[in-house]
Amino acid sequence: MPETVSAAVDLGAPDDLISFLKAIPDGRYRRGVRYPQWFLLLVAVLGILSGCRSSRDLEAFAKRHREALNQALGLNFKRWPSDATFLYLFNKAHLQEFGEVLQAWMISQIPGGAEGLDQLVCDGKTLRGSAIETEDGNHRFV
């Protein structure tokens, strides 16, 4: 049975991403689990930041960086996670809690936290210039 314990993120905890990822309950069934969930989520975050767009891309990323990840994290994985492993993880993971934990980690990286911050949020369409402002001040996306 998957764990259903809610993850409580302690903002006074260490501010490394791995500590935050370890706070997320694992939604996978115990049988056949080879990789800890925090490791798979870390590889997914790093892979996505590196341009991975699919589970196959994540598998290739994990294969390419297995030795470096093992060395940096003090692990000893002989193989890399497959694309099916990432698909299963995303199917069973508590993605809402992952988003909350990732947000808490990002805020912990800001000196003083989020107090008094003015925020600007842009999506990729805006950044690439495919959003066109109309005469009434709204935006039309191409």
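Preceding block: the structure.
Residues numbered from 1 in each chain as written. Predicted model: local features only at pLDDT ≥ 70, side-chain atom pairs only at ≥ 80, totals over all residues. Heavy atoms only, no water.

So, the side chain of D26
Mapped onto the elements of the fold, D26 is located in the loop between α1 (17-22) and α2 (37-49). Among the polar contacts listed, one links the side chain of D26 to the side chain of R28, at a separation of 2.8 Å. A distance of 3.3 Å separates the side chain of D26 from the side chain of R30, its partner in a polar contact. (Helix = DSSP H or I, 4+ residues; strand = E, 2+ residues; numbered from the N terminus. Polar contact = N/O pair within 3.5 Å; in protein donor to acceptor, adjacent residues only side chain to side chain.)

Focus on helix α4 (residues 83-92)
An α-helical segment advances 3.6 residues per turn. Residues three or four places apart therefore align on the same side. What α4 keeps buried is the set D83, F86 and L89. Take α4 and look down its axis: the buried residues cluster within an arc of 120°, on one side only. Residues of α4 that are buried make contact with α2 and α3 (55-73). (Buried < 20%, exposed > 50% of the residue type's maximum accessible area, 1.4 Å probe, protein only. Arc of directions from axis to C-beta. Contact = heavy atoms within 4.5 Å.)

Considerations on α2
Over its 13 residues, α2 extends 18 Å from the first C-alpha to the last, a length consistent with the 18 Å expected when each residue adds 1.5 Å. Among the 13 residues that make up α2, 10 are buried, leaving the element largely enclosed by the rest of the structure. Where α2 is concerned, the buried positions are Q37, W38, F39, L40, L41, L42, V43, A44, V45 and G47. Where α2 is buried, its residues meet α1, α3, α4 and α5 (95-108). Downstream of α2 by one or two residues, G51 has phi in the positive range, about 105°. (Expected span 1.5 Å × (residues − 1).)

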